[in-house]
Amino acid sequence: MKLSRLAPLIGFVLLLLLFGFALRWNMHNDAREVKSPLIGKPAPSYSLPVFGDSSDRRYGSADLQGQPYLLNVFASWCFACREEHPLLMAERARLGVALIGLNYKDEPADAQRWLAQYGDPYDTVIVDYDGRAAIDFGVYGAPETFLVDGAGVVRYKRIGPITPAVLQNELLPAIAAAKGGR
Amino acid sequence: MRALILLLALTSALLSMPTLALDPLPFKDRAEEVRFQALARELRCLVCQNENLADSHAPLARDLRQQVFEQMQSGKTDEQIKIWLTDRYSDFVLYDPPLRGGTVLLWFGPLLALLIGAGIVTVIVRRRSRDVVLDNSPRNSTEEDWQ
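Note that the structure is predicted; figures quoted are calculated from it, not measured.

1. So, the layout of surface pockets
Then, in step 1: Estimated volume of the largest pocket: approximately 620 Å³.
Then, in step 2: Only α1 (3-28), β7 (154-159) and α6 (164-180) of chain A provide two or more residues apiece to the lining of the largest pocket.
Then, in step 3: Looking at the lining of the largest pocket element by element, the count peaks at four residues for β7 of chain A.
Then, in step 4: The computed volume of the second largest pocket comes to approximately 380 Å³.
Then, in step 5: Forming the boundary of the second largest pocket are 13 residues, of which Asp91, Phe92, Gly102, Thr103 and Leu106 of chain B lie nearest the centre.
Then, in step 6: In terms of residue class, the lining of the second largest pocket is built from six nonpolar, three polar and four charged.

Here you go:
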């Protein structure tokens, strides 16, 4: 048989491989994910009101200088945060670094109820009511989690809920690296 | 009276513009508004990623429009505002991304695809025209046989 007779079949098989590859790729990667330009750069400085604190106490990047920490952007209106929450509650001890909650564009009463109902895994919760600090961090969809090292450099970012696999394969190794790198 | 009607018609036309209805910002004049709308159309909404900042109803888009507006008021140029945004959200926010290392494929990918396609077509056409020449000679001879 002439090779040119096989050309459509070869083309079809190549297309099949391409589509199969794209399908597989999409299962493991989110095409909507925007790579953060902040990774490897100093985290933006911020100072925000402390959640549930009636005094005017503020807390922010200056207070966290010198220690690696996780900044977890969450909100009571955020459905995926609810999905992520049990993992933060259960694995809190394994993280080995401070966990700061950034309550993003949320009503204080709603956030209060949410944390009371599902538990509060955070060392400190700070309030970003108008979402400006979050914009400095390039947040576009909660939940998002940033790992900032002791020098104040962003080392890792997770967009979307932390899953057990992400915790094991990405977050914990990144935390270990951030702690060792000091 | 006629002037009044004209004025009313113009006002209603302005008010019915979709971008104005989104969130009225206190522009100081028409030129500033035009500049703002032009810039917002060049920026991508991060939440609904196929929409631009001017048309998006997402809360984040509203916040970003507010920031762009404020920075315009403080005298920043369009270029400075774009840099401010790309520092946070990467080149992805720009509908017209700059040509640099990571965007070479984005810029020249279509040209590459076109060249590959043109190459394939050329090869096929050449082969066919050669085949036609080969096919023709025996057929010509049979035609001669019939005569």
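Let us keep going from here.
2. A short note on the nonpolar core
Then, in step 1: If you look at the biggest cluster of nonpolar residues, it comprises 77 residues, and the most contacted ones within it are Tyr46 and Leu71 of chain A together with Leu85 and Tyr89 of chain B.
Then, in step 2: Element by element, the count of residues in this core is highest for α6 of chain A, at seven residues.
Then, in step 3: Sequence-distant contacts of leucine 85 of chain B, defined by excluding residues within four places in its chain, comprise Leu43, Leu64, Val68, Ser90 and Val93 of chain B.

3. Looking at the packing of helix α3 (residues 79-95) of chain A against α6 of chain A
Residues and elements named next belong to chain A.
Then, in step 1: Relative orientation of the contacting elements α3 and α6 amounts to 30 degrees, with a least axis distance of 12 Å. Between α3 and α6, the angle is such that the two are roughly parallel. The two elements α3 and α6 cross, and the hand of that crossing is right-handed. The residues of α6 that touch α3, namely those facing Leu87, Glu91, Arg94 and Leu95, are Pro164, Leu167, Gln168, Leu171, Leu172 and Ile175.
Then, in step 2: The residue makeup of the contact of α3 with α6, split by class, is seven nonpolar, one polar and two charged.

Calculation rules
Residues numbered from 1 in each chain as written. Chains lettered and ligands numbered in written order. Predicted model: local features only at pLDDT ≥ 70, side-chain atom pairs only at ≥ 80, totals over all residues. Heavy atoms only, no water. 1 Å grid on protein atoms, 1.4 Å probe; cavity = no way out; pocket = protein on both sides within 12 Å on 5 of 7 lines; lining within 4 Å. Points joined across faces, edges and corners; volume = space filled by probe spheres on them. Helix = DSSP H or I, 4+ residues; strand = E, 2+ residues; numbered from the N terminus. Nonpolar A, V, L, I, M, F, W, Y, C, P; charged D, E, K, R; others polar. Core = buried A, V, L, I, M, F, W, Y, C linked by side-chain atoms within 4.5 Å. Buried < 20%, exposed > 50% of the residue type's maximum accessible area, 1.4 Å probe, protein only. Contact = heavy atoms within 4.5 Å. Axes fitted to C-alpha atoms, helices over the stretch in contact; angles between N-to-C directions. Parallel < 35°, antiparallel > 145°, perpendicular 65-115°, else oblique. Left-handed = near helix turned anticlockwise from the far one by under 90°.

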